[in-house]
Amino acid sequence: MRIVIFAYNYEPAAGVGVLRPAYWAKHMNEIDPEITCDVITAQENSTLPVLPGGGRVITVKNEGHFLNRFKLDAGAAWTKYLERFFYNTREKYDVAIFTGGPFVHFFFAEILKRKFNSKIIFDFRDPFANNPNHRLNVFKRYIKRAVERKMLKIPDVSITVNKVCRDLLEKDEFTRVEIIDNGYDETFLVNPKTLIEKEKHRIVYAGKFYKGASPENLFKVLKQRQESVEFDYMGPHSETVLLVNSRNFLISGTVTYMEAFQRIAEADTGIILTGGEPFESTTKVFDYIGLEKNILIITNGEPKAGILHEITKGYPNVFWARNSENDIRNVLEGVMYHIPKQYPEKEKFSRRAGLIKLVNIINRLFEEKK
């Protein structure tokens with residue numbers, strides 16, 4: 001069986017959106033040797049152009065179509081180059097997976113269905129139209145909802161990362177939606193015996209800070225604990241963190257996922273900042289679980305609520321605090337004295353577990369195609 005993953009962004013590009021399709025492409029044939037998986041991407045200079053099982057990473061560049069000038073979803077322009085590529089190639093695929101974002105090139109799936117009778121999977125990860133983190137005016141929201149409704153009539157199955165995101169999709173009663181979490185990459189797990197000894201309790205945060213989930217109160221508390229705590233931050237807001245001017249802050253810019261994972265492995269506690277929206281999740285939570293770290297979730301909403309609570313409610317090393325200086329200080333005291341417990345069920349949060357679900361979906365669709 002030949003399948004293809006359409007991923008506009010791919011390795012070596014940075015960003016959590018790259019991790020999901022890259023892991024699937026590298027390990028698909030390992031889960032099912034009958035599957036040969038190609039990747040089609042706009043990304044140039046792939047770090048792994050040949051995939052296990054004979055698959056390839058194929059670059060179809062977005063070469064500057066006039067639509068790019070209007071700052072539209074990049075998939076709108078890319079569709080033209082995908083059409084040209086498939087007009088000039090003999091490649092045909094039994095199943096095609098489109099992963100976002102961008103999203104508008106998802107409509108190219110109609111051509112694959114018509115030309116090759118391909119089965120189609122759309123991987124939204126987060127909602128396209130109804131993402132609460134996207135501040136849109138009424139007109140733009142209306143347009144995106146209409147586009148998503150039309151889009152969701154194309155695939156045989158759609159995928160998203162949790163049940164709240166599923167409910168935010170503009171689906172109808174005929175839409176088939178499956179849930180596959182992002183998960184942690186189990187191939188990066190570190191032997192605890194190799195971890196370094198530290199004098200201070202190390203707290204780690206990798207990635208962006210988001211509006212509605214300010215780190216200001218956390219920074220105040222950490223600055224007060226310079227003798228007992230060190231804070232390892234890696235991400236695009238390093239200049240913001242530097243302004244705190246605290247000698248227990250270890251600060252760097254954005255790093256590779258592999259380096260971030262290693263530095264999380266060397267820490268004691270991982271931080272999550274959330275605005276408290278029910279749909280909010282993060283890849284970091286799975287990395288913390290996979291490495292069996294303490295997790296401190298700081299929320300602007302109600303503690304122990306939303307998808308983050310669904311994910312962590314069985315995890316023995318999780319702590320919640322409201323986003324206030326006093327609450328963070330009090331909860332952190334308990335976190336520092338907590339010795340992390342092992343979590344035998346962590347494998348269900350691995351990327352491998354999610355890929356097994358995806359392969360099962362692919363095989364069902366292939367049987368339907370026969």
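(A) Main features of the sheet that holds strand 4 (residues 55–59). Strands sit in the order 3-4-2-1-5-6-7-8 across an open sheet of eight strands; the sheet is mixed. Only two strands of the sheet have a single partner each, and these edge strands are strand 3 (50–51) and strand 8 (177–179). As judged from the five bridges shared by strand 1 (residues 2–7) and strand 2 (residues 36–41), these two strands associate in the parallel manner. Residue arginine 2 lies in a different strand from strand 2, and its bridge partner there is threonine 36. Helix 2 (residues 74–87) rests against strand 1, strand 2 and strand 4 of the sheet, and its axis sits at about 135° to strand 2. Contacting strand 1, strand 5 (95–99) and strand 6 (119–125), helix 3 (residues 109–116) runs over the sheet at an angle of about 165° to strand 6.

(B) Spotlight on the pairing of strand 2. Most of strand 2 is tucked away, with six of its six residues classed as buried. The alternating pattern of strand 2 places Thr36, Asp38 and Ile40 and Cys37, Val39 and Thr41 on opposite faces, both of which are buried. By the bridge criterion, three bridges tie strand 2 to strand 4 in an arrangement that is parallel. Of the residues in strand 4, the one forming a bridge with valine 39 is valine 57.

(C) How the structure looks around the side chain of asparagine 248. You can see asparagine 248 is positioned in the loop between helix 7 (238–242) and strand 11 (249–252). Look at asparagine 248 and you get buried, because its relative accessible area is 1%. Polar side-chain contacts of asparagine 248 include one of 2.4 Å to the side chain of serine 246. The contact partners of asparagine 248, leaving out residues within four places of it in the chain, are Lys200, Leu222, Lys223, Arg225, Gln226, Val229, Glu230 and Phe231.

What counts and what doesn't
Residues numbered from 1 in each chain as written. Predicted model: local features only at pLDDT ≥ 70, side-chain atom pairs only at ≥ 80, totals over all residues. Heavy atoms only, no water. Pairing = 2+ DSSP bridges. Helix = DSSP H or I, 4+ residues; strand = E, 2+ residues; numbered from the N terminus. Contact = heavy atoms within 4.5 Å. Axes fitted to C-alpha atoms, helices over the stretch in contact; angles between N-to-C directions. Buried < 20%, exposed > 50% of the residue type's maximum accessible area, 1.4 Å probe, protein only. Polar contact = N/O pair within 3.5 Å; in protein donor to acceptor, adjacent residues only side chain to side chain.

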